[in-house]
Amino acid sequence: MKSYKGRGIVLHTLKYGDKSLIVYLLTDVGGRQSYMVPGIRSSQGRGSKAGLFQPIFTLEFEGLESPKMQMHRFKEVRSGQLLRSIPFDVRKSTIALFMAEVLYRLVKESEPHPLLFEFVWSSVGALDELQEGTPNFHLWFLTKLSALLGFFPGNDYHTGDWFDIREGLFTSEQPLHPQFFDPEVARFFRDFTECDVHCLAEIGMNRHQRVKYLQSLLNYYAYHLDAIRSVQSIEILQEVF
């Protein structure tokens, strides 16, 4: 077996048999990868490791791969970042679930994507440390993520612009098709595009505006990546925020 060291972010888990677990990770060394963790759900042995594999939790590990194995395995695995608030704050844990599911549904490539990985890794730490602006975090994350997945505005914003989803451009006129952001959503799109995570509280939005902006973003994603429609945690997110 070939061993290697890496970092990973938990996207999803599946029970396998009575005691084992399949863990899907976004990794720095190989993009999206799946790992078999035998005996994780038994009362003995490695059962204490089960808490590591929660949605969006970060890991540092030594992995094992072999041409004879369909999935990788862990030789060693430990927590990557000490999370002080995400596991205990219902708002943040809901966002974490959403982040993990979005990445699980949309990221399929088993090749390194350093910019994407570092963005997600740093976003987990930022969410955990965030003091203000938490209700806007998932909107910021989804806006920033779109650029790393390959679709982003191709020109600059001007006050009062609409945003043409098909063309990927801000425009002074309403597009003649239904795939667009109205001026209010287009302005928020510009704000989140340019905003640092520590300034989220400065983007003033009420509940109605958050729901509207999220739905607009989902339409934007769906035009490019239809898999976004299967993200089930969206409904929970809308109830919380």
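Conventions used here
Residues numbered from 1 in each chain as written. Predicted model: local features only at pLDDT ≥ 70, side-chain atom pairs only at ≥ 80, totals over all residues. Heavy atoms only, no water. Helix = DSSP H or I, 4+ residues; strand = E, 2+ residues; numbered from the N terminus. Buried < 20%, exposed > 50% of the residue type's maximum accessible area, 1.4 Å probe, protein only. Contact = heavy atoms within 4.5 Å. Salt bridge = Lys/Arg side-chain N within 4 Å of Asp/Glu carboxyl O. Pairing = 2+ DSSP bridges. Axes fitted to C-alpha atoms, helices over the stretch in contact; angles between N-to-C directions. pLDDT = per-residue confidence, 0-100. 1 Å grid on protein atoms, 1.4 Å probe; cavity = no way out; pocket = protein on both sides within 12 Å on 5 of 7 lines; lining within 4 Å. Points joined across faces, edges and corners; volume = space filled by probe spheres on them. Nonpolar A, V, L, I, M, F, W, Y, C, P; charged D, E, K, R; others polar.

Right, let's talk about the environment of Leu200 for a bit. Positionally, Leu200 belongs in the loop between α4 (183-194) and α5 (207-224). Overall, Leu200 belongs to the buried group, its relative accessible area being 0%. Note: C-alpha distance between Leu200 and Leu130 (70 residues apart in sequence) is 9.5 Å. Setting aside its immediate chain neighbours within four residues, Leu200 contacts Leu130, Gly133, Asn136, Phe137, Trp140, Phe192 and Cys195.

It is worth spelling out the pattern of salt bridges at this point. All told, the structure shown has twelve salt bridges when counted by the stated rule. For Lys2, the salt bridge is made with Glu65, and the minimal N-O distance between the two is 3.9 Å. Here Lys2 is found in strand β1 (residues 2-16), whereas its partner Glu65 is found in strand β4 (residues 58-65), with 63 residues between them in sequence. Given a relative accessible area of 53%, Lys2 falls into the exposed group. Residue Glu65 is classed as partly exposed on the basis of its relative accessible area of 29%. Where salt bridges share partners, they join Arg7, Asp28 and Glu118 into one cluster.

Here we take up the sheet that holds strand β5 (residues 72-79). In spatial order, the strands read β1-β2-β3-β5-β4; together these five strands close into a barrel with mixed pairing. Each adjacent strand pair in this sheet contributes to an overall mean axis angle of 50°, direction not counted. Bridge count for β4 against β5 is six bridges, and the pairing is antiparallel. Bridged to Leu64 within β5 is Arg73. In the packing of helix α1 (residues 90-106) onto the sheet, contacts are made with β1, β2 (20-27) and β3 (31-37), and the angle to β1 comes to roughly 105°. Where helix α2 (residues 114-129) meets the sheet, its contacts fall on β1, β2 and β4, and the angle it forms with β1 comes to roughly 65°.

Looking now at the environment of Ala186. Within the secondary structure, Ala186 is located in helix α4. Judged by relative accessible area, which is 0%, Ala186 ranks as buried. As for Ala186 and Phe163, which are separated by 23 residues in sequence, their C-alpha atoms are 5.7 Å apart. Ala186 has contacts with Tyr157, Asp161, Trp162, Phe163, Phe170 and Phe181, leaving out every residue within four places of it along the chain.

On to the confidence of the model for the chain, then. Scored by pLDDT, the chain comes out at a mean of 93, with 97% of its residues at no less than 70. Per-residue pLDDT stays below 50 along residues 43-47; that stretch engages in nine contacts with residues further than four places along the chain or on separate chains.

All right, on to empty space enclosed by the protein then. The tally for this structure, following the rule as stated, stands at one cavity of 30 Å³ or more. Taken as a whole, the largest cavity holds about 40 Å³ of empty space. In this structure, the largest cavity is lined by His138, Arg210, Val211, Leu214, Leu237, Gln238 and Phe241. Sorting the residues of the lining of the largest cavity by element identifies α5 and α6 (233-240) as the ones contributing at least two each. Looking at the lining of the largest cavity element by element, the count peaks at three residues for α5. Classifying every residue of the lining of the largest cavity by side-chain character gives four nonpolar, two polar and one charged.

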